[in-house]
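Spelled out from the first residue to the last, the chains are:
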Amino acid sequence: MTEAIPVEEVRHPMLDPMTAMKMKKGKIVTAEEAIELIRDNDTIVTAGFVGVGFAEELAIALKERFLKTGKPRNLTFTYPAGQGDGKSKGLNHIAIEGLVGKIIAGHTGLTPGFGKLINDNKIFAYNIPMGPLTQLFRDIAAHKPGNLTHVGLGTFIDPREEGGKLNDLTKARGSDIVTVMTVEGKEYLFYKAFPIHVAFLRGTTADPDGNITMEKECAVLDALAMAQATRNSGGIVIVQVERLARAGTLKAREVIIPGILVDCVVVAKPESHWQTFGEQYSPAFSCELKVPMQAIPPLEMSCRKIVVRRAAFELKPNSVVNLGIGMPEGVSRVANEERILEYATLTTEAGLIGGLPMGGLDFGAGINVDALITENGQFDFYDGGGLDIAFLGMAETDAEGNVNVSKFGPRFTGPGGFIDITQNAKKVCFLGTFTAGGLDLTVRDGNLLIRHEGRQKKFVLKVEQKTFSGKYATMIKQPVLYITERCVFRLCEEGLELIEIAPGIDLETQVLALMDFKPIIRKPPKLMDPRIFLLPPMGIKDDLLNIPMEDRFVYRPEDNIFFINLENYYMKTSEEVQQMKKLVGSILEPIGKKVHTIANYDNFNVSPHLVDEYVEMVKYAASFYESVTRYTTSTFLKMKLGDELQKRGVAPHIYESKDEAHKALTAAGTV
């Protein structure tokens with residue numbers, strides 16, 4: 001077995017163009033003909049997200065050729081998201097000793113066959129976070145040396161931890177594919193590029209020239225970047241489709257993979273071309289129609305519903321959200337029940353924006369979606385801080401706040417997009433049961449009753465593998481919650497702090513006694529909201545949208561700071577402006593001295609005809625201020641409000657976050 005990947009560009013034998021033209025079928029071949037072009041030691045990139053966009057026909061044909069001829073051998077497979085059903089579909093077809101020599105993957109949990117080969121040290125195996133891997137395909141296409149990013153620092157991907165190497169064989173003989181680099185005094189991880197010889201992709205319609213459309217696909221994934229990377233590595237691009245069209249009839253705007261990148265087109269059998277591994281075809285999944293959200297049934301009261309109900313309280317209007325697979329998917333169901341789904345934009349790593357993501361074997365698809373973008377484009381957005389909040393799973397957590405979702409004894413799962421999302425979202429909520437293995441509970445009269453405790457502790461002294469770094473999160477001052485059915489923790493500099501407990505739960509015997517470490521308890525934890533444990537809808541829409549005017553202004557005498565919270569407020573009448581002016585005066589006049597002020601303008605708006613009156617009110621309020629900082633994430637509002645304030649001689653600078661606004665006060669020596 002050899003581990004090295006050849007660096008030089010290797011051209012593959014192609015179908016002779018003149019022969020193809022004479023055959024009058026262009027690039028259209030059988031699956032068997034396409035697979036014959038693959039050679040020993042090739043690197044194959046496969047598109048797919050669970051079952052979405054996976055070329056099942058090609059995987060089956062590759063398996064059958066190997067079982068029949070013993071060729072090709074020692075292939076490297078690289079792919080960003082899990083591709084399989086956990087049993088026999090997807091990449092499970094090709095998890096065969098001899099056929100596979102190496103994997104460089106974002107997720108392995110859906111391919112238990114790969115897990116066995118890894119554990120038996122039969123193959124070299126690496127995990128790379130999904131984002132850097134999707135972006136690496138673009139870098140390979142552009143002949144760049146690799147991908148430089150902060151994603152993965154402090155986790156098991158970091159070469160100072162495990163370097164993403166999954167077994168003894170790889171740790172002993174495998175080369176390093178990720179290294180630490182320092183640029184202008186900051187640490188980054190560098191993911192090395194490598195050539196790709198074959199691409200397995202999927203679309204809906206192809207013409208004889210190889211142009212590919214995806215009108216019935218659930219997502220476009222990274223098909224274009226993978227095709228470009230393969231073509232520019234001198235490899236071959238094979239695309240599985242459902243149907244053929246005459247040359248020149250496909251609409252240019254609908255072509256996702258242009259024919260100049262495609263070498264072979266294979267028309268799949270219907271049974272090998274389902275939209276997902278759970279659904280043969282749904283027009284809602286391919287954005288051909290939108291369905292009534294009221295038709296989605298509510299979740300039954302259960303441990304899962306309790307956890308995701310508590311999580312739903314963290315949703316804020318106009319926030320951009322990511323939901324992980326498994327338990328976190330339930331947050332969208334609760335949001336739909338509570339009629340607040342329209343006030344947040346849900347997204348997934350597969351490139352979905354808006355609507356309602358699906359779960360299980362349909363994960364990667366969605367209904368009533370606003371837009372479909374590429375996976376690498378989605379991760380550009382995620383990595384740059386575009387997510388307001390993320391809800392992810394929590395399999396194992398330790399005293400430092402580290403979370404493991406990627407390895408459990410002999411079972412490898414991999415991070416998928418978990419590392420990108422958790423290191424870059426403005427706020428992270430980890431969701432999971434407090435114990436695992438046989439946990440049975442019920443709710444009675446608003447109290448949580450544990451009928452049978454889980455066999456395994458999930459709050460351990462040290463996680464088996466560090467998929468999320470608590471120290472990294474505290475270093476970047478990221479708000480993090482750990483939500484279970486019986487209690488809630490938050491991450492602080494010292495570790496996990498217990499802040500909430502469910503009604504009916506005993507702190508000593510049902511929380512502390514079942515942890516391998518003692519959490520920080522600064523004061524008695526408050527009770528979780530009682531509505532979580534009752535059957536009717538919780539009515540959190542009112543909490544989300546309706547904050548009384550008087551509750552938006554708070555003065556803190558100990559540090560002489562006046563807080564103004566105008567988040568999600570739309571000022572529509574002159575009476576509201578005058579009410580606000582009266583409230584400010586009634587709070588600040590009796591103090592007798594000027595105050596330091598922080599004003600939150602996130603998602604604030606004011607009717608155009610009230611701008612002058614409102615800014616005059618702000619000028620009045622400023623007469624009580626020793627100093628003031630304002631913040632909003634809206635670039636438009638920053639410019640509009642800033643200009644109007646500046647015209648009237650009021651300090652115009654508006655920051656992007658509460659932390660920045662508070663730091664500005666501190667830097668000025670006013671706090």
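Above this note sits the structure.
Described below are features of the structure shown in this document. It should be emphasised that the depicted structure is a prediction, and the values quoted were computed from it without experimental measurement. (Residues numbered from 1 in each chain as written. Predicted model: local features only at pLDDT ≥ 70, side-chain atom pairs only at ≥ 80, totals over all residues. Heavy atoms only, no water.)

**What about the pairing of strand 1 (residues 43-46)?**
- Residues of strand 1 alternate between two faces, with Thr-43 and Val-45 on one and Ile-44 and Thr-46 on the opposite face, all of them buried.
- The parallel pair strand 1 and strand 2 (residues 75-79) is bridged by helix 3 (residues 56-69), and the resulting crossover is right-handed.
- In this structure, strand 1 lies alongside strand 8 (residues 198-202), joined through 3 bridges in parallel fashion. Each bridged residue has a counterpart across the sheet, and for Ile-44 the counterpart in strand 8 is Val-198. (Buried < 20%, exposed > 50% of the residue type's maximum accessible area, 1.4 Å probe, protein only. Helix = DSSP H or I, 4+ residues; strand = E, 2+ residues; numbered from the N terminus. Right-handed = clockwise from strand over helix to strand, strands pointing away. Pairing = 2+ DSSP bridges.)

**A few points about the sheet that holds strand 31 (residues 459-460)**
- One open sheet accounts for 3 strands, arranged 23-22-31; its pairing is mixed. Since the sheet does not close on itself, it has two edges, and those belong to strand 23 (403-404) and strand 31, each with one partner.

**Describing a nonpolar patch on the surface**
- Taken together, Leu-148, Met-181 and Val-183 make up a surface patch of nonpolar side chains, about 210 Å² in accessible area.
- Mapped onto the elements of the fold, Leu-148 is located in strand 5 (residues 146-149).
- A residue is classified by how much of its surface remains accessible, and Leu-148, at 41% relative accessible area, is partly exposed. (Patch = residues over 30% accessible without salt bridge, like charges linked within 9 Å, V, L, I, M, F, W, Y side chains within 5 Å. Areas by Shrake-Rupley, 256 points an atom, 1.4 Å probe, with all protein chains shown as cover. Salt bridge = Lys/Arg side-chain N within 4 Å of Asp/Glu carboxyl O.)

**Overview of unusual backbone geometry**
- Cis geometry is found at the peptide bond from Lys-71 to Pro-72, where omega equals -5 degrees.
- Topologically, Pro-72 is positioned in the loop between helix 3 and strand 2.
- Its identity as a non-glycine residue notwithstanding, Glu-184 has a phi of 50 degrees, on the positive side.
- For Glu-184, the location among the structural elements is in the loop between strand 6 (178-183) and strand 7 (186-192).
- Note on Glu-184: relative accessible area 81%, which makes it exposed.
- Look at Asn-560: it is not a glycine, yet its phi comes out positive at around 55 degrees.
- Structurally, Asn-560 can be placed in the loop between strand 36 (553-556) and strand 37 (561-565).

**Notes on the packing of aromatic side chains**
- One pass over the structure, following the stated rule, counts 14 aromatic pairs.
- Here the aromatic cluster, defined as three or more aromatic residues joined through ring pairs, consists of Phe-418, Phe-430, Phe-468 and Tyr-482.
- Looking at Lys-581, its charged tip hangs above the ring of Tyr-620, at a distance of 4.9 Å from the centre. (Phe/Tyr/Trp six-rings, centres within 6.5 Å; stacked < 30°, edge-to-face > 60°. Lys NZ or Arg CZ within 6 Å of the ring centre and 35° of its normal.)

**Brief notes about the side chain of Arg-310**
- Along the chain, the position of Arg-310 falls in helix 8 (residues 303-312).
- Here Arg-310 falls in the buried class, since its relative accessible area comes to 6%.
- A distance of 2.8 Å separates the side chain of Arg-310 from the side chain of Glu-314, its partner in a polar contact.
- Of the polar contacts made by the side chain of Arg-310, one reaches the side chain of Glu-500; its length is 2.8 Å.
- For Arg-310, the residues in contact, after removing those within four places along its chain, are Leu-481, Ile-483, Val-488, Glu-500, Met-528 and Ile-532. (Polar contact = N/O pair within 3.5 Å; in protein donor to acceptor, adjacent residues only side chain to side chain. Contact = heavy atoms within 4.5 Å.)

**Structural notes on the nonpolar core**
- The biggest cluster of nonpolar side chains holds 169 residues, and the ones touching the most others in it are Leu-62, Phe-200, Ile-257, Phe-391, Phe-430, Leu-431 and Tyr-482.
- Apart from residues lying up to four places away in sequence, Tyr-482 is in contact with Met-394, Thr-397, Gly-401, Val-403, Phe-430, Phe-468, Cys-487, Val-488, Phe-489, Arg-490, Leu-491 and Leu-496.
- Counting 26 residues, the second-largest nonpolar core is a separate cluster that includes Leu-583, Leu-610, Met-617 and Ala-621. (Core = buried A, V, L, I, M, F, W, Y, C linked by side-chain atoms within 4.5 Å.)

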